[in-house]
Amino acid sequence: MDPSGAHPPAPEPLSTAERQEYERLRRLATMRHRRARTVTASVLLVLTFLLAPLAVVAAWVNSQVSDSDRYVQTVAPLATAPSVRNALTDRLTARVVDKVDFRALTDALGRALAKTEAPSAVVDNTALLTGPLKNAMTTAVHNVVNKVVTSDQFTEAWDIANRRAHAAVVKTLTGEGNSAVQARGDTIVLDIGTLVDNVKKRLVDEGYQKAAAIPDVDKTIPLFTTDKLDKAQGLMRLLDVVGTWLPVTTLALAAIAVWTAPSHRVGLMAAAIGTGVMMVVLLIGLAVMRRVYLGSVPTDVLPADAASTIYDTFVRFLRASTRTLLVTAVITAVAGYLYGPGRGARFVRSVTARGTGATGRALARSGVRTGATGRWLEAHRAWTTGVVIAGGAVALVLWNYPTAACVALVLGIVLVVLALLGILAAASAPPPTDDQIRRTT
């Protein structure tokens, strides 16, 4: 304040030219700010689109490598797949039959017949029995192996064997936990401590009391040494980090891009559409990889039907995750459009509002009125709608391995809740007056 007590002179109003220049500079600054936000959001969205398929694959691989339950769940159908059972039966049968020297058997038969003074024509032609004998044994072994492979015990043994093998591999690669197979430096060792202790106890139980005095020695057996173990363990640690944080990073980039975009709704629609396109690309890539895989497997090593079953079984969860993200992206894009000013969006919102409003008013006329609660819901309709939609999104994020059916379930619950909120808001209307009743009648 001026010490003399005089008030400072009021600023002079801007002239027309000055105001036009001010408005021009303001528009220019706003345009530059909007352009910077658009460029930033575009860069973030491009990064999101590029990382989205990688994040899905990384999360899938991490779940298969690190999670024994998930891995066993993945390979479990192979034990009951007819094509795999047939291939396994044929392979086991061939291994058993190949171990038998049928020529030696026929030669032994010939010598035995010769000792019994059988006719020379019979003795000389015993070699002709090699083929029929092999065929008969192949049929018999095949039947036995097929009964074993198709039994319930085989399915249980398949799961147990895969679980134990997977757990041993994971513990070896991570160097964590207690496992019979362990990594020590660059050497893979088998810990037989439990076996040694059991042998000592059995000897003592059988009366060999001195066995209890057997000193503790090195209870490990080196299996093999490799200089690649450190690299394998390093890749395991990298996969653990990438599989966990790459999806989180991708989701964070998408959220920042939507928040940075001048129009959050348009940014959300762009993120959803781009992610959906990348999921379609990933599905196409899986189909191409399927053809490449089937073309690289010789039919004499693995039949084509068994190879296709194995591939489809192993990647089925990856496909399911990709389809789930595709469905989620489509729903998000449609929701973003319905939230906008488009003619179709306005029509859908109008029809929905009329339907919930009519239902709510019918409840109010019947005496079921929500009063202050309904009025609060009506006043905060946009806020409550956002909360319900956000709740559905959080449920999908927290859902462990969601599927397309899970997305449909959450979407249905969200729509039902939104409809109920609309009805409750409309039911807050006061009861009709006598004049309104007379006009309606």
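On a predicted model such as this, the values are computed, not experimentally measured, just so you know.

Draft legend 1. Molecular detail of the overall build of the protein. A count of helical and extended segments in the protein gives 17 helices and three strands. In the protein, once contacts between residues fewer than 6 apart in sequence are set aside, the share between residues at least 24 apart is 76%. Surface exposure of the protein reaches about 28600 Å², of which carbon and sulfur atoms provide 65%.

Draft legend 2. Highlighting the pattern of salt bridges. This structure, assessed with the given rule, holds three salt bridges. Between Asp312 and Arg290 there is a salt bridge, with its nearest N and O atoms 2.8 Å apart. One end of the pair, Asp312, is in helix α11 (residues 304-314); the other, Arg290, is in helix α10 (residues 264-296), and 22 residues separate them in sequence. Taking relative accessible area as the criterion, Asp312 reaches 24% and is therefore assigned partly exposed. Arg319 is the partner of Asp312 in a salt bridge, and the nearest nitrogen-oxygen pair spans 3.3 Å. Beyond isolated ion pairs, a larger network of salt bridges with shared partners links Arg290, Asp312 and Arg319.

Draft legend 3. Molecular detail of helix α2 (residues 68-75). In terms of burial, α2 is a largely internal element, six of the eight residues being buried. For α2, every residue scored as buried is listed here: Ser68, Arg70, Tyr71, Val72, Thr74 and Val75.

Draft legend 4. Geometry of the environment of Leu282. Tracing the backbone through its elements, the reader meets Leu282 in helix α10. Owing to a relative accessible area of 12%, Leu282 belongs among the buried residues under this scheme. Taking the C-alpha atoms as reference points, Leu282 and Leu318, 36 residues apart in sequence, are found 9.8 Å from one another.

Draft legend 5. View of the UniProt feature "transmembrane region" (unreviewed entry) in the protein. Mapped onto this structure's residue numbering, the UniProt feature "transmembrane region" (unreviewed entry) falls at residues 39-61, 238-260, 266-288, 382-401 and 407-429. With 100% helix and 0% strand, residues 266-288 has its two end C-alpha atoms placed 33 Å apart.

Draft legend 6. Region of the structure containing the side chain of Thr356. Position of Thr356 among the secondary structure elements: in helix α13 (residues 343-365). Taking the relative accessible area as the measure of exposure, Thr356 reaches 12% and is therefore buried. Residues in contact with Thr356, not counting those within four places in the same chain, are Ala419, Gly422, Ile423 and Ala426.

Draft legend 7. Region of interest: the nonpolar core. The biggest cluster of nonpolar side chains holds 18 residues, and the ones touching the most others in it are Leu45, Val56, Trp60, Met279 and Leu318. Secondary structure elements with two or more residues in this core: α1 (16-66), α9 (229-260), α10 and α12 (316-338). The element contributing the most residues to this core is α1, with six residues. What Trp60 contacts, discounting residues up to four positions off in sequence, is Phe314, Val315, Phe317 and Leu318.

Draft legend 8. Spotlight on the packing of aromatic side chains. Enumeration according to the criterion identifies two aromatic pairs in this entry. Aromatic pair Tyr293 and Tyr311: ring centres 5.6 Å apart, planes at 25°, arrangement stacked. Of the two residues, Tyr293 sits in helix α10 while Tyr311 sits in helix α11, which places them 18 residues apart along the sequence. Since its relative accessible area comes to 26%, Tyr293 is described here as partly exposed. Classification of Tyr311 by relative accessible area gives buried; the value is 11%. Ring geometry for Trp376 and Trp383: centres 6.0 Å apart, planes at 85°, overall edge-to-face. For Trp376, a relative accessible area of 40% translates into the label partly exposed. Between Arg70 and the ring centre of Phe317, over which it is positioned, the NZ or CZ distance is 3.8 Å. Sitting over the face of the ring of Phe317, Arg316 holds its NZ or CZ atom 4.4 Å from the ring centroid.

Definitions and cut-offs
Residues numbered from 1 in each chain as written. Predicted model: local features only at pLDDT ≥ 70, side-chain atom pairs only at ≥ 80, totals over all residues. Heavy atoms only, no water. Helix = DSSP H or I, 4+ residues; strand = E, 2+ residues; numbered from the N terminus. Contact = heavy atoms within 4.5 Å. Areas by Shrake-Rupley, 256 points an atom, 1.4 Å probe, with all protein chains shown as cover. Salt bridge = Lys/Arg side-chain N within 4 Å of Asp/Glu carboxyl O. Buried < 20%, exposed > 50% of the residue type's maximum accessible area, 1.4 Å probe, protein only. UniProt positions renumbered as here; feature names shortened; annotations may be inferred. Core = buried A, V, L, I, M, F, W, Y, C linked by side-chain atoms within 4.5 Å. Phe/Tyr/Trp six-rings, centres within 6.5 Å; stacked < 30°, edge-to-face > 60°. Lys NZ or Arg CZ within 6 Å of the ring centre and 35° of its normal.

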